[in-house]
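Examination of the molecular architecture
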Amino acid sequence: MTAQLIDGNALSRQLRADVTARVTALKARGITPGLAVILVGENAASQVYVRNKVKACEDTGMHSVLERWPATMTEAELLARVDALNADASIHGILVQLPLPAHIDAQKVIEAISPAKDVDGFHIASAGALMTGMPGFWPCTPYGCMKMLESIGYELKGKHAVVIGRSNIVGKPMALMLLQQNATVTICHSGTKDLKAMTLQADVIVAAVGKRNVLTADMVKPGAVVLDVGMNRNDEGKLCGDVDFEGVKEVAGYVTPVPGGVGPMTITMLMVNTLESAERLVA
Ligand code: NAP
């Protein structure tokens, strides 16, 4: 069997076209959705991520502000910037790019962001809203995974989903979103005894670990849907996921590639969250 690809670039293009149309409609009502991105320090990967986020804003007609600060910025200075952006009516979403330098308490900074502008969905209020099924911003990466499942018309009710990884930004919110759609969810992590025994039972597998080849073909039930969140480098230095793509595509029903899978969806959902934050003002 050769799995069908879920193409994150193609789906992103579709979703971003819808975002662009809604931005245009909102602008006609006098509101331009605005995203502020704060980058502290010189982390090379972070520089690429923030550039892509700002470009996505430009492409969809949104307003964006990129604040670059030196790694010597103090926590108090950063908190003051977040406060100022909380009060700035032209800004509907605030994103502080992680990781932050070690002398800054990232959780404290995230909690300083107004939940109404928490478009990354990392604030404890956003996490609580997801947990209780209340309205709030969903973290972009698992939200993008849900959109990928939706794009193939996948009915989660009654299915068994296995999430590998339990981080606050991917694994745990992913599990809650799948649960909300009535899947039966198993969360695996580094303490899981027999990962293969778990994944072989799964109709849907989400790999969010950050290690190459965590999921190989012998661990996948024929026809399962496999979403690969991981971002790693292979021996040639090329971007690859957690899934042994070449092997797994011969067994799975659907699989997401890396690159071109979950990655572009993450930024797309950031655009969706920022737009929806602005739309709430006229709802
Ligand atoms: P993280 O915070 O490091 O969490 C990794 C999780 O994997 C932890 O829960 C860990 O378990 C678990 N784990 C580690 N080794 C394992 C093993 N051998 N078997 C089963 N579980 C294992 O990472 P993250 O932030 O969730 O990110 C995960 C990956 O997704 C990374 O590669 C990251 O770069 C990528 N990512 C991609 C996007 C995107 O847009 N595509 C966005 C975010 C993250 P413990 O909890 O027990 O330590």
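Now for a description of the structure that goes with this document.

Right, let's get into the site of the ligand. In the region of the ligand, 20 residues are neighbours, and Arg166, Ser167, Ser190, Lys211 and Thr266 sit closest. The separation between an oxygen atom of the ligand and a polar side-chain atom of arginine 166 is 2.7 Å. In the environment of the ligand, an oxygen atom lies 3.0 Å from a nitrogen or oxygen atom belonging to the backbone of methionine 231. Computed on the free molecule, the ligand has an accessible area of 930 Å², of which 70% lies beneath the protein chains in the complex.

Moving on, we come to helix α5 (residues 124-132). Helical geometry: 3.6 residues make up each α-helical turn, so side chains three or four residues apart lie on a common side. Within α5, burial applies to Ser126, Ala129 and Leu130. The arc that holds the buried residues of α5, viewed along the axis, is 95°, so those residues lie on one side. Exposed residues pointing more than 90 degrees away from the buried face of α5 are listed as Ile124, Met131 and Thr132. Elements in contact with the buried residues of α5: α7 (171-180). A positive phi of about 75° marks glycine 133, the residue just after α5.

Each value, and the rule that gives it
- Residues numbered from 1 in each chain as written.
- Predicted model: local features only at pLDDT ≥ 70, side-chain atom pairs only at ≥ 80, totals over all residues.
- Heavy atoms only, no water.
- Near = heavy atom within 4 Å.
- Polar contact = N/O pair within 3.5 Å; in protein donor to acceptor, adjacent residues only side chain to side chain.
- Areas by Shrake-Rupley, 256 points an atom, 1.4 Å probe, with all protein chains shown as cover.
- Buried < 20%, exposed > 50% of the residue type's maximum accessible area, 1.4 Å probe, protein only.
- Helix = DSSP H or I, 4+ residues; strand = E, 2+ residues; numbered from the N terminus.
- Arc of directions from axis to C-beta.
- Contact = heavy atoms within 4.5 Å.

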